[in-house]
Amino acid sequence: MFAIRNMAVRQGNMPAGVAAQAKSLYETTRVINPIRSALDKRESLGLSKITTEGLEEVQKILKKTGMEKMVKSK
Amino acid sequence: MVKDMKYAFFLGCLIPARELSYEVSVRKVMPELGIELVDMKGANCCAPFSIQSVDHASWMALAARNLCLAEEMGLDIMTLCNDCYESLLMVNNILKRNSELKDQVNEILSDVDKEFQGKVDVKNLVDALYGDVGISKVKSAIKEPFSGLRVGTQPGCHLTKPKRIHWEVLRGFNELDALVQATGAESVLYERKEMCCGGPLRDIIDDMARQISRQKLIALKEAEVQGVVTVCPFCFLQLDLGQLEIKRHFNEEYNLPVIHFIELLRMGMGMKLEDWEIKAHRIPITELFKDRL
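Residues numbered from 1 in each chain as written. Chains lettered and ligands numbered in written order. Predicted model: local features only at pLDDT ≥ 70, side-chain atom pairs only at ≥ 80, totals over all residues.

**Q** Would you mind going over the overall build of chain B in detail, with residue names and values included?
**A** The secondary structure content of chain B amounts to 14 helices and eight strands. In summary, chain B has a C-alpha radius of gyration of 19 Å against a globular reference of 19 Å for 293 residues, a match within 12%. In terms of overall dimensions, chain B has C-alpha extents of about 55 × 45 × 35 Å along its principal axes. Burial statistics for chain B: of 293 residues in total, 52% are counted as buried. A sequence separation of at least 24 residues applies to 77% of the contacts in chain B between residues at least 6 apart. (Helix = DSSP H or I, 4+ residues; strand = E, 2+ residues; numbered from the N terminus. Rg over C-alpha atoms; globule rule 2.2 N^0.38 Å. Buried ≥ 20, exposed ≤ 12 C-beta atoms within 10 Å, placed from the backbone. Contact = placed C-beta atoms within 7 Å.)

**Q** Provide a residue-level description of the overall build of chain A, including the pertinent values.
**A** Scanning chain A for helices and strands turns up five helices and zero strands. Along its sequence from the N terminus, chain A presents helices and strands in the succession α-α-α-α-α. Relative to its length of 74 residues, chain A is extended, with a C-alpha radius of gyration of 15 Å against a globular reference of 11 Å. Structurally, chain A occupies a C-alpha span of about 45 × 25 × 20 Å along its principal axes. Here chain A, with 74 residues, has 24% of them falling under the buried criterion.

**Q** Now, about the domain arrangement of chain B: what can you tell me, with residues and values included?
**A** Residues and elements named next belong to chain B. Domain boundaries assigned for chain B yield domain 1 (6–125) and domain 2 (137–279). The centre of domain 1, based on its C-alpha atoms, is set 24 Å off from the matching centre of domain 2. Each partner contributes to the interface: domain 1 provides 23 residues, whereas domain 2 provides 21 residues. Broken down by secondary-structure element, the contributors of at least two residues to the side of domain 1 that touches domain 2 are helix H1 (14–18), helix H2 (20–32) and helix H5 (82–97). Looking at the side of domain 1 that touches domain 2 element by element, the count peaks at eight residues for H2. For the side of domain 1 that touches domain 2, the per-class residue count stands at 13 nonpolar, five polar and five charged. (Domains from an automatic or database assignment. Nonpolar A, V, L, I, M, F, W, Y, C, P; charged D, E, K, R; others polar.)

**Q** Describe in detail the environment of Asp76 of chain B, supporting the description with residues and values.
**A** Within the secondary structure layout, Asp76 of chain B lies in strand E3 (residues 76–79). Accessibility expressed as a C-beta count within 10 Å gives 22 for Asp76 of chain B, which makes it buried.

**Q** How would you sum up helix H11 (residues 206–222) of chain B? Please name residues and give values.
**A** Residues and elements named next belong to chain B. For H11, which comprises 17 residues, the first-to-last C-alpha distance of 24 Å matches the rise-based estimate of 24 Å (1.5 Å per residue) to within 8%. Taken as a whole, H11 has its buried residues at Ala209, Arg210, Ile212, Ser213, Lys216, Leu217 and Leu220. An end-on view of H11 places all buried positions within 160° of arc, on one side of the element. Seen from the open side of H11, the exposed residues pointing more than 90 degrees away from its buried face are Asp207, Met208 and Glu222. The inward-facing, buried residues of H11 contact strand E5 (150–154), strand E7 (227–230) and helix H12 (233–250). Two residues or fewer after H11 comes Glu224, characterised by a positive phi angle close to 60°. (Expected span 1.5 Å × (residues − 1). Arc of directions from axis to C-beta.)

Next comes the structure, spelled out in structure tokens:
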């Protein structure tokens, strides 16, 4: 099943919502990112900061697997 | 298992971005029950099943990178998100069993100086509460039991998928029901209990996602429950916020409060939710829990 989906994606067929998640993952390491108010709330509660630590490694991985190319072509 | 009662805490993307009240309750309750959570610095997205559909190798490598971070910490992972749980658990199990795939993933990870060794396990909140803390300790932590409260449980389908996918016995309906009952509330059997909330179809086939949630809400109402208890952040969103969408699309109101199990436990332990946490519920919980808020 996943092999077929992967083939479909390679041929340019990717639902918009999934493409947005893949792009966000490549650019920030996360598929869902907090809005400003959530970041402020986290800070006021003393919760750990949401950072892009690890981004360089994530991008290296996605470059090596070829997913970088798929994300950038969308 | 690497070490009892101490976990590498994998937060994922959704909870720290949208469900802070879930995270806060876990951070307050778990230490009281003897579980220490250590944040995983530099973790990436889990990655979810949507990424599995885009590129299988990327999905495995990204999940394996997170597993490597936990291995470096020397701790098993605990996650709150069902989607994260499934990805991390599946990749961990696949790579522990398939040396060829493990070599392929480690070849990818070698570019970032990481190597998957298969030294940790992946658990979810129900695993930790039911398996590590135990029902009797949960029960004895309850200072204000929820006597007479009738709820329907929604563990989320990633916790209840068959053994053939996860290779091991999964915590699911029975364990969450037992935890709910340890608080003094009654977990009511309802039709479609095993059904998905519809959340995975959001942003893909929205109409179908809403229809699935609607069917579930109808069944819950028919069972005359007073609220829904979940451990899954996607089920929470789909059934809580989703009720407002259903009202707009179908002109139907269910007014069924949805609550994370850990919030129920927190209140039962005598800890009050703060005003902003109460307001994080789109379907008000104030009437249901009026004596405790």
